[in-house]
Amino acid sequence: MDIINFLAEHNHIFLLIVAGLSLLIGSFLNVVIYRLPQMMRSQWNQECREYLGLKNLPADDEKLNLYLPYSHCTQCKTPLKPWHNIPVISYLVLGGKCAFCRASISLRYPLVELICCIASVYVAWRFGFSWQTAGGLIFTWIAITLTFIDLDHHLLPDQLTLLLIWVGLFLSIFSIFVNSHTAIIGAIAGYLIFAVTQGLFHLATGKVGMGQGDFKFLAALGALLGWQQLPVVILLSSIIGLIFGLTQMAIKHQLKSNPLPFGPYLAIAGWICLIWGNDIVNLYLHTFMPV
């Protein structure tokens, strides 16, 4: 209790702890972002081989999980030393190159760690030493992971979207962000809004405009933030997606853009609503629906 009271009274120390922890978490998120899609692909291939009666054939996929094999260079496969895995600092000290083969290290790794650190510290500063910060940090870390996996693979894994739904519903039991009534309606409405929209789009065009991962992600945001925030999330994510889409077309000088993953825009919009959602709703009500 003394430690809890100390951290509650000394916010700057609490923020420093969150900063250090979030850098380490960001390093782990890089592992999840890189390995989870490979693990899923390996599982799918195994299921296909079993279905086709080819399960005795050797698998071409590298056997891995989130823990093994240990971190190594993706080029020379040499295991990294502990001091090569210090978030951000190791990248800067090594000059963005492998310590063994001098192959370039993607800027993605320190970028994810920095985004995780900055977003986590802001959540901790916004909510203070509270259960809201704990819930906000879990959402932030999952949202970052979903963002980069969707950017790379156009995939929102059930392992993360369903986990986030359950986290939102669990937190609602204690009314951390919203109560259970609001969270359950939010989860149902979030899923149905995109599911019905996709169904109508498919009937009209014969095309698939949105994946089911987006349905589950919006359901998770509804469970965490409540159904009242869903219109704000959808509006913000659409605006953000439009800006990025137009920017991409301008850069590539294409009138027709390639399919864009919608998960990153949902993640950004959801995080904005986590921090300022109530302020946005209240501003709208006072501006357009004054009493």
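Just above sits the structure.
Parameters at a glance
- Residues numbered from 1 in each chain as written.
- Predicted model: local features only at pLDDT ≥ 70, side-chain atom pairs only at ≥ 80, totals over all residues.
- Heavy atoms only, no water.
- Disulfide = S-S within 2.5 Å.
- Axes fitted to C-alpha atoms, helices over the stretch in contact; angles between N-to-C directions.
- Helix = DSSP H or I, 4+ residues; strand = E, 2+ residues; numbered from the N terminus.
- Left-handed = near helix turned anticlockwise from the far one by under 90°.
- Contact = heavy atoms within 4.5 Å.
- Nonpolar A, V, L, I, M, F, W, Y, C, P; charged D, E, K, R; others polar.
- Salt bridge = Lys/Arg side-chain N within 4 Å of Asp/Glu carboxyl O.
- Buried < 20%, exposed > 50% of the residue type's maximum accessible area, 1.4 Å probe, protein only.
- Polar contact = N/O pair within 3.5 Å; in protein donor to acceptor, adjacent residues only side chain to side chain.
- Core = buried A, V, L, I, M, F, W, Y, C linked by side-chain atoms within 4.5 Å.
- Lys, Arg positive; Asp, Glu negative; His and termini not counted.
- Phe/Tyr/Trp six-rings, centres within 6.5 Å; stacked < 30°, edge-to-face > 60°.
- Lys NZ or Arg CZ within 6 Å of the ring centre and 35° of its normal.
- Expected span 1.5 Å × (residues − 1).

Caption draft 1: Local environment of the state of the cysteines. Scanning the model with the defined rule gives zero disulfides in all. Take Cys98: it sits in no disulfide, and the sulfur closest to it among the cysteines is that of Cys73, at 3.7 Å. The thiol sulfur of Cys101 is not disulfide-bonded, and the nearest other cysteine sulfur, from Cys76, lies at 3.7 Å.

Caption draft 2: Structural detail: the packing of helix H2 (residues 11–51) against helix H5 (residues 131–153). It is the contact of H2 with H5, at a shortest axis distance of 9 Å, that shows an interaxial angle of 35°. Every pair of crossing elements has a handedness; the one defined by H2 and H5 is right-handed. Two secondary-structure elements touch here, H2 through Phe14, Val18, Leu21, Ser22, Ile25, Leu29, Val32, Ile33, Leu36, Pro37 and Arg41 and H5 through Thr133, Leu137, Trp141, Ile144, Thr145, Phe148, Ile149, Asp152 and His153. Here the residues of the contact of H2 with H5 are counted per class, giving 14 nonpolar, four polar and two charged.

Caption draft 3: Main features of the pattern of salt bridges. Applying the stated criterion across every chain yields a total of two salt bridges. Here Arg108 and Asp152 are joined by a salt bridge, their closest N and O atoms 3.0 Å apart. Taken together, the residues span a long stretch of sequence, with Arg108 in helix H4 (residues 108–127) and Asp152 in helix H5 at a distance of 44 residues. For Arg108, a relative accessible area of 24% puts it in the partly exposed group.

Caption draft 4: Structural context of the side chain of Ser22. Tracing the chain through its elements places Ser22 in helix H2. Given a relative accessible area of 0%, Ser22 falls into the buried group. Polar contacts involving the side chain of Ser22 include one to the main-chain carbonyl oxygen of Ala19, which spans 2.9 Å. Beyond its immediate sequence surroundings of up to four residues, Ser22 is in contact with Cys116, Cys117, Ser120 and Trp141.

Caption draft 5: Structural context of the nonpolar core. In terms of nonpolar packing, the biggest core is built from 54 residues, with Phe139, Phe217, Val233, Leu266 and Leu274 touching the most fellow members. When residues of this core are traced back to their parent elements, those giving at least two are H2, H4, H5, helix H6 (158–173), helix H8 (212–225), helix H9 (230–252) and helix H10 (263–288). Apart from the residues lying within four places of it in its own chain, the contact partners of Phe139 are Leu164, Leu221, Leu224, Ala267, Gly270, Trp271 and Leu274.

Caption draft 6: Quick peek at the side chain of Asp214. Summarising the element assignment, Asp214 is placed in helix H8. Despite its burial, Asp214 pairs with no opposite charge, the nearest such side chain being Lys216 at 11 Å. Setting aside anything within four residues of it in sequence, one finds Asp214 in contact with Leu156, Phe194, Phe262, Gly263 and Leu266.

Caption draft 7: Layout of the packing of aromatic side chains. Applying the stated criterion across every chain, the model contains 11 aromatic pairs. When the ring of Phe127 is compared with that of Phe177, the centres are 5.9 Å apart and the planes differ by 75°; the resulting orientation is edge-to-face. Of the two residues, Phe127 is situated in helix H4 and Phe177 in the loop between H6 and helix H7 (180–205); the sequence distance between them amounts to 50 residues. Here the aromatic rings of Trp271 and Trp276 are separated by 6.1 Å at their centres, their planes lie at 85°, and the arrangement is edge-to-face. Taken together, the ring pairs connect Tyr122, Trp125, Trp271 and Trp276 into an aromatic cluster. Looking at Arg126, its charged tip hangs above the ring of Phe127, at a distance of 5.5 Å from the centre.

Caption draft 8: Focus on unusual backbone geometry. Residue Pro69 is reached from Leu68 by a cis peptide bond, and omega for that bond is -5°. Relative to the helices and strands, Pro69 is located in the loop between H2 and helix H3 (89–93). The backbone phi angle of Lys77 is positive, close to 65°, even though this residue is not glycine. In this structure, Lys77 sits in the loop between H2 and H3. On the basis of relative accessibility, which here comes to 47%, the residue Lys77 falls in the partly exposed class. One non-glycine residue, Val88, adopts positive backbone phi at about 65°. Here Val88 is to be found in the loop between H2 and H3.

Caption draft 9: Focus on H5. With 23 residues, H5 should cover 33 Å at 1.5 Å per step; its first-to-last C-alpha distance of 33 Å lies within 8% of that length. In this structure Ser130 caps H5, since a side-chain oxygen of it lies 3.4 Å from the backbone nitrogen of Gln132. His154 sits one or two positions beyond H5 and adopts a positive phi of about 50°.

Functional significance is not addressed by these values, which are geometric in nature.
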